[in-house]
Amino acid sequence: MPVALVDCNSFYASCEQVFQPRLQGRAVVVLSNNDGCVVARSREAKALGIKMGEPWFQARHRLQGQGQAEAVTALSSNYALYADMSNRVMRILGRFSPRQEVYSIDESFLELDGLPEPPEVTGQRIRATVLRWTGLPVCVGIGPTKTLAKLANHLAKQDPAWAGVCDLAVLDAGEVERLLAPIPVAEVWGVGQRLAQRLGALGIETALDLRRAPSKRIRQHASVMLERTALELRGIACLDLETLSPDKQQIRCSRSFGATVSSLAELTEAITTFTSRAAEKLRAQQGEAAAIAVEIRSSAFRRDAAAYAASRVVPLAAPTADTRALVAAARAGLNRLYKPGPAYAKAGVILLDLSRAAERQPDLFADSSADDRSQVLMATLDQINRRFGRGSLTLANARPAPRWRRREQFRSPRYTTRLDELPVAHC
DNA sequence: TCTGGGGTCCTAGGACCC
DNA sequence: TCTGGGGTCCTAGGACCC
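Residues numbered from 1 in each chain as written. Chains lettered and ligands numbered in written order. Predicted model: local features only at pLDDT ≥ 70, side-chain atom pairs only at ≥ 80, totals over all residues. Heavy atoms only, no water.

Chain A carries the name DNA polymerase V subunit UmuC in an unreviewed UniProt entry, which gives Lamprobacter modestohalophilus as its organism. Listed in UniProt under the heading Sequence similarities (unreviewed entry), the comment for chain A reads: "Belongs to the DNA polymerase type-Y family." (UniProt positions renumbered as here; feature names shortened; annotations may be inferred.)

Set out below in structure tokens:
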């Protein structure tokens, strides 16, 4: 039962290139919030040696030194555009299999069972359809397990000889092993830099080494997770396709500020805004939170004595999805954490102990009419914000354009989700 | 000068209980 | 003089993912 992993190439950068054809064939990087780090690179940008996660100011200085600054176009993240393009791609992929796991914003697993054609042919049809309908290039990896499908996708992206589709499921063991032999073990799904280092000390340096390592030895030196990964590399499926996305167990909203803040009033604005956004996400999954954590910190990259980071968990009196109750708890936490002095660079909240509202035991002593009024109010709030745009209606403390708002110097228009930003065709 | 955000899972160790 | 053992639950921290 082969499974495919379909992954968009340089997803954010490709989305930008779809709507700005002059960027095609050029080095394009997309930056994280606040225009901080590089989070996506076109093929040409990778060729210039720009690293994933690299701070943009460093990459820019290096390129300037090499006289190549002009060769790169840097863009701020345009999440509205990427989320909308992602939805389009995922819907298209869903046409190719009744069993789909949307794994991330730019990746889907598909079960390819009972096809009337070789999976490789389906893979090519997937590529052609997504490209034709959205303008986005994808690669397809196919294998007997999810981990091998991931690795097959890696191969398809690396070597143009695969023409974008690599099927490991049809190869015999010898051929698979020949392909795994040159792949560093850190490329395997579930093996990061830390594990790779420890495995290196054991003489396990490639995907093939891990495939061949005895289970007992792996469990001695690492975890059951890695043991599963090794089994998957051998073609023994340990990971199921998760076709319905489970409720989140925690919901986080945190941001670095565009400019540092020092006053409690400004931090309160920020915490109010973040809590409101988190509460919106919570209600979208019909959830309630029983606790909220608040964090504030000064810059993590300055090593002066004034560095300060603190967090605190505040339990709620009863599980709730009401923005007002969550904000009140978050503010109580903030008041305990705040001290004057530090230049705060980042703040955030995390909703914890989540459960489904419908599954809560009613509280015999609570005023249930207050509960009903809260639900109606929150539903109305969400409806207005869906209809007129996020942030149209907020608590009075959440300002529309605070001083600490994120930098996004190079954001492209929200071509597909805002009527006033539609692309214009000149004839 | 300028360094992201949002998740998951596992493990070790402490508290507590009988 | 002699001072158990085993289970469960919770939390913090680490590692991983995109």
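After presenting the structure, the write-up continues.
Draft legend 1. Region of the structure containing the overall build of chain A. Secondary structure assignment for chain A yields 14 helices and 12 strands. For 427 residues, the compact-globule estimate of 2.2 N^0.38 gives 22 Å, and chain A sits close to it at 24 Å. Within the span of chain A, comprising 427 residues, buried residues form 44% of the whole. When the 57 basic and 44 acidic side-chain charges of chain A are each reduced to a single mean position, those positions are 6 Å apart. (Helix = DSSP H or I, 4+ residues; strand = E, 2+ residues; numbered from the N terminus. Rg over C-alpha atoms; globule rule 2.2 N^0.38 Å. Buried < 20%, exposed > 50% of the residue type's maximum accessible area, 1.4 Å probe, protein only. Lys, Arg positive; Asp, Glu negative; His and termini not counted. Charge placed at Lys NZ, Arg CZ, Asp CG, Glu CD.)

Draft legend 2. Local environment of the protein's contact with DNA strand B. Near DNA strand B lie 24 residues; those nearest to it are Ser32, Arg252, Ser254, Arg255 and Ser256. Near the protein, meaning within 4 Å, the atoms of DNA strand B are sugar or phosphate in a fraction of 71%, with bases accounting for the rest. Contact between DNA strand B and Ser32: a sugar or linking oxygen at 2.8 Å from a side-chain N or O atom of the residue. Side-chain polar atom of Lys346 to a phosphate oxygen of DNA strand B: 3.3 Å apart, as the coordinates give it. Of the residues forming the surface near DNA strand B, the biggest block, 6 residues, is contributed by strand β9 (residues 251–261). Residue classes in the surface near DNA strand B are distributed as 8 nonpolar, 8 polar and 8 charged. (Near = heavy atom within 4 Å. Polar contact = N/O pair within 3.5 Å; in protein donor to acceptor, adjacent residues only side chain to side chain. Nonpolar A, V, L, I, M, F, W, Y, C, P; charged D, E, K, R; others polar.)

Draft legend 3. Representation of the pairing of strand β12 (residues 344–356). Where β9 and β12 come together, 7 bridges link them in antiparallel fashion. If you follow Arg255 over to β12, its bridge partner there is Ala347. Summarising the sheet, strand β10 (residues 287–298) and β12 pair through 11 bridges and their orientation is antiparallel. Within β12, the residue paired with Ala291 across the bridge is Leu352. (Pairing = 2+ DSSP bridges.)

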